[in-house]
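Structural overview for review
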Amino acid sequence: MRHTPATLVNSLALAGLAAYLVWSGATQPNYPLRVLSIAGIYGLLALGYQFIFGHAGALALSQATFMGLGAYASGILALRYGLPFDVALPLSIGAPVLLAAVVAAPVLRLQTHYFALATLIISQVALLVAVEWQSLTGGANGLGGVPPIQLLGTPIRAGWPLLATVWGFVAAGTLLAWQLGRGRLGQAWACMRAAPAAAASIGIDAARLRFVAFLLSAAYAGLAGSLYVHALRVVSPDALAFPVVVTCLTIVVVGSRLRPLGALLGAVLIVQLPEWFRDLRDYSLLAYGCILLLVIVLAPAGLLGTLEDWAARLLPTPTPPTPAPEAPSPRTTPNAQRPVLEIRTLSRRFGGVQALDAVSLTVRPGEALGLIGPNGSGKTTLVNLVSGLYTPDTGTVRLHGTDITAQPTWRLARAGIARTFQTVALVDDMTALDNVALAVDAPAIGLLATLRTGASDPAQATARAQAAHLLARMGASDAAMQPAGSLAYGIRRRVEIARALAARPTLLLLDEPAAGLNETEQADLAARLRALLEDGTALLVIEHNMAFLAPLVDRMACLDAGRLIAEGLPAAVKSDPAVVEAYLGTPEPAPALQMTP
Amino acid sequence: MTALLEIEDLHIRYGAVTALHGVSLQIHPGEAVALLGANGAGKSTLMKAVIGLLRPHAGAIRFDGRSLATMRPEHRARAGIGYCPEGRRTFPGLLVRENLLVACWAPAPERARRLEAAYALFPALRTKAESPAWQLSGGQQQMLAIARSLMGQPRLLLLDEPSLGLSPLLTDEVIARIPAITATGTAVLLAEQNAAKALSVCARAWVLQTGRVALHGPAADLASSPEIRRAFLGG
Amino acid sequence: MLALQLLFNATALGAAYALVALGFVLVLNATGAVNFAQGELVMAGGFVALALDRLLALPGLALLPPLLLIMAAIGLALALLAYFPIRRRPADTVFISTIAVGIILANGANALFGPEQQTTPALVGTGAWRPGGSESGLVIPYQSAATILVAAGLIIALHLVFTRTQLGRRLRATAQDREVAAAIGIPVDRMVAATFMVGAALAGAAGLLLSRSFFVSPTDGGNYMLKAYVAVTIGGWGSIPGAVLGALLIALFEVAFPALPALVPALGPYGTGFNQVWSTIVLDGIILLILWRRPQGLFGEAVRVRA
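Residues numbered from 1 in each chain as written. Chains lettered and ligands numbered in written order. Predicted model: local features only at pLDDT ≥ 70, side-chain atom pairs only at ≥ 80, totals over all residues.

1. Some details on helix α1 (residues 43-51) of chain B
Residue and element names in this part refer to chain B. By the criterion of burial, α1 is predominantly enclosed, with nine of the nine residues buried. Listed as buried for α1 are Lys43, Ser44, Thr45, Leu46, Met47, Lys48, Ala49, Val50 and Ile51. Positioned one or two residues after α1, glycine 52 has a phi angle of 105 degrees, which is positive. (Buried ≥ 20, exposed ≤ 12 C-beta atoms within 10 Å, placed from the backbone. Helix = DSSP H or I, 4+ residues; strand = E, 2+ residues; numbered from the N terminus.)

If you want it as structure tokens, here you go:
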């Protein structure tokens, strides 16, 4: 994947930025260099913000608080205890990370609008503390006389040395952000954002990944705050006021929500903007708001993203070769002789509707059970109960004899239940191969694993090889290197099933796999699904399409109005009078114009 | 006789999925037509295309001889198409009376008259007139949804799966109102999974199977046809 | 008597907050999106009142009708620039676009009126009414009384429009199910635009009411925004009566907290702690607790149903 238009755009942008910095450092006087150093610091802040806002997709309004905490920690340690910048750095980064970890528990699980409010309130409290705790913070005026940045005993002068030092940190931060965002961790975040239910269904613990993103954003903010206070030589409440959040948000929206380089370009642009518009005086900030609004409306992918889109339209995108397929080792289950799935008297009520009423079902190893029933009969409710999306009112679900009732979906996925969705849930801008590869050993994805990998990730190579194998099994090899969003519907279905298989399930739940497929595609899919049974994977298939289902499954069960009304061999269930009536209605005509009061 | 609604070779896609592949059908003024099929067959999709909530990929929809292609849903509704959505979707926070009034564009005296007509058609709604819609039972909500779609005195009523989630008795009760609706000159397109019940009140029927017309004809012929069973339960 | 005085003061403040929160929740229900510029609209209302006063030199109350019209126009502009072009994108996009509008409003006000705090004309006069004579100590400034009456008048008028008119029913129907509203003939885009206009007009009216006693400056927006946001959270996300109740509760807290040592003698020794700072910190703590433990708001499911 070397020379895609996107990498070309990023390389050119990187070269341009580097040239601009070198030229500035060599020719410009101290003041513009100071502004450019501040831009670098905001770049670091924005790089961090990309983790929580861009990758995790959570609208955090607390980024200034973390930066301010880093700034105060570093400033106070320098002034009170004489600790130089580099010695205090672990504490300046550690303090905001600690705060993030503490507030994460109650705050991170909130919905978008509440998360935004909670983080806003936390920033308000932090600002008040900074202003009011005068003995520690110096109050509204802050503390002056902070020494300059000192590295290994050498103080850094203003002008180009400061610029070089700040941008040195920026370069390191960018490299780390790039490493974290480009691989499997970045893809796991993307899946969590674009298709949260799908992410859980392959065993990704979204809460943990969001937590990681939140801590990373705090760590970058702490570093930025520490640099900020030593560059400005004062620490004041301005560092944690709301305008910092707005600036940070603007940088990321204008530059790019995900690309590290976008954060840097955005920072250089946005921080220098008021300087460039100096002649406009009071109106310069007005221009700032207008630019933000324009970019949001006209270039939702940000400047860098928009450039990438243009490049992709103008230049040919080479398709890299599909990796050589490699079969995954099958999952060994401890209780192979027990039924895969045992559902006992499962019930669930929604408001006044008994969606599922004391249903019991069993699926044995290597068996395919078909679940049919008219619209609203409770089939999807059943699947959602088994896969952990809903909790039952009563009843139990056992997997290989272990009670798994009401476990979260990602745990069930790790225990061996995989599923597909009625509406295919793939990450559209990821290739089909990577959509599937992500599910290979997804629980192992994390911060430490990503940091340990070098330039190339062996886990990703293995995952892609296995994904290639699974796509071939589902007859979707040709699509492997295409973005999932560009694929035809029938292929998307196959990719989704391949992804479910990549999680190495012992039970696969398929929700209307044949919907939208033509007859040839249906027959092909049925044959491929039958082949899965030979490996011992059990199937639970929800389907309306009898022509597809009947030859595929070993047994069939029919639900009507939340109750199990028939179970047995497909032919028997299909001709069961209760089933026929549930589908076609009572043969007698409706009683004419009779009203019950 | 010219058709009130004429659908010609309608194709609809949801993203990459094709939901309808070239469906054609006609409805004449004042007749009740059943649109049958298992779920996923494309019934709701067709209904939504007629009212304008979905944009066709190809094909034409004409109402009263006029193409609907460039008309927004609100204009189609005002032009005489009543829509009763799948799953009822009454406005939960509005009173029953308000749910009805909100769908009527006539001046106040005429509004009051139509409100009376709605209560006459579904007497249960009169007793609940001042309750918010979310307090109604499923059957009452279905009646409210139908009554709401009649408040504009449409010439065509799109009735999308009124039996969904209702007990057989309530389904009978709701479906039994259809002849009273057509008696006022309103044509009805009734989408149903429950074939027997729908056929008992409709003159003609279309059967959809995975987005295509599997068969169509007079209701009486279809009711006794083995084909219809195949369309629902497969071969 | 002190309690009565506090209750009156809290009602005056809460009535103005209620207008802000009401505008916020109406737009929220109609669009599903947070209008983060709602606080700046309050600030804008204060400055529009100031400008109208310079032009017309009338008492504050007489400025209300033109103020409502101008603010409605600003609300329409907000909808056209920051909502309609991006309405099909994720809800957080509108959140950010309205932050941008907030920046534009704040800096626009700064450019036009300067950064200082300014005060708007009194609604009816500057005197006060002392029921029970001077020994009772109860003081009812005309400004506060007029604030309560204007806010109550607007809320009642809004309630009547929403429940008694076809327009009001259609606005509510649009907020509850936009797709079906369109399918039964309601021009939903116009309804959404109208909701933005009403929301901005309410915020503007609050600006006129608040800027006399609390002044107005370009940076005030964030504070009012937070009040509206918090009121709607306390009252239950999307609940209209909840928003009004939440606003009154916030005002009651803000007014009563500094007076607690006077009301409860046992708190006397800690008197200095009952200041503005601790008031904010304690309120913030309560809100975080509500978000954590009772995200559906204080008044439970019954109020939550979107009416």
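2. Regarding unusual backbone geometry
All names here are of chain B. One non-glycine residue, aspartate 9, adopts positive backbone phi at about 50 degrees. Positionally, aspartate 9 belongs in strand β1 (residues 5-14). Phi at arginine 89 takes a positive value of approximately 45 degrees, unusual for a residue other than glycine. With respect to the helices and strands, the residue arginine 89 is situated in the loop between β6 (81-84) and α3 (96-101).

3. Comments concerning the environment of Phe84(C)
Structurally, the position occupied by Phe84(C) is in the loop between α3 (60-83) and α4 (91-113). Residues Phe84(C) and Ala193(C), spaced 109 residues apart in sequence, show a C-alpha to C-alpha distance of 8.8 Å.

4. Here we look at the interface of chain C and chain B
On the chain B side, the residues contacting the 18 residues of chain C number 22 residues. Of all elements in the fold, only α7 (166-176) and α8 (178-183) of chain C reach the threshold of two or more residues within the side of chain C that touches chain B. The biggest single contributor to the side of chain C that touches chain B is α7(C), with six residues. (Contact = placed C-beta atoms within 7 Å.)

5. Observations concerning the sheet that holds strand β12 (residues 563-568) of chain A
Residue and element names in this part refer to chain A. Taken together, six strands build an open sheet; the order of strands is β8-β9-β10-β5-β11-β12 and the sheet is mixed. Looking along the sheet, the strands with just one partner apiece sit at the ends: β8 (417-419) and β12. On average, each strand axis in the sheet is inclined to that of its neighbour by 20 degrees, with strand direction left out of account. (Pairing = 2+ DSSP bridges. Axes fitted to C-alpha atoms, helices over the stretch in contact; angles between N-to-C directions.)

6. Description of the sheet that holds strand β8 (residues 187-192) of chain B
All names here are of chain B. Reading across the sheet, the six strands line up as β6-β7-β8-β3-β9-β10 and stay open at both edges, with mixed pairing between neighbours. In the strand order of this sheet, the two ends are held by β6 and β10 (212-218), each with one partner. Across this sheet, the average inter-strand angle for adjacent strands is 15 degrees, counted without regard to direction. Relative to strand β9 (residues 204-209), strand β3 (residues 32-36) runs parallel, the two being bridged by four bridges.

7. Things to note about the environment of Arg555(A)
Residue and element names in this part refer to chain A. Mapped onto the fold, arginine 555 is located in strand β11 (residues 555-560). For arginine 555, a count of 19 C-beta atoms within 10 Å corresponds to the partly exposed category. Between the alpha carbons of arginine 555 and glycine 568 there is a distance of 5.3 Å; along the sequence they are 13 residues apart. Not counting chain neighbours up to four residues away, the residues in contact with arginine 555 comprise Leu369, Glu567, Gly568 and Leu569.

8. Notes on the nonpolar core
Here is a general trend for soluble globular proteins: nonpolar side chains tend to be buried in one another's company. Judged by nonpolar contacts, the single largest core of 387 residues is most densely connected at Leu471(A), Ala21(C) and Ala205(C). Per-element tally for this core: the top contributor is helix α10 (residues 206-232) of chain A, with 18 residues. Discounting residues that sit within four places of it in the chain, Leu471(A) has contacts with Ala432(A), Leu433(A), Val436(A), Ala476(A), Ser477(A), Ala480(A), Val495(A) and Ala498(A). (Core = buried A, V, L, I, M, F, W, Y, C linked by C-beta atoms within 7 Å.)

9. Quick notes on the interface of chain A and chain C
Between chain A and chain C, the residue contacts involve 31 residues of the former and 34 residues of the latter. Every element with two or more residues in the side of chain A that touches chain C is listed here: α5 (112-132), α11 (242-254) and α13 (284-298) of chain A. At 12 residues, the largest contribution of residues to the side of chain A that touches chain C is made by α5(A). Its residues assigned to classes, the side of chain A that touches chain C comprises 25 nonpolar, four polar and two charged. (Nonpolar A, V, L, I, M, F, W, Y, C, P; charged D, E, K, R; others polar.)

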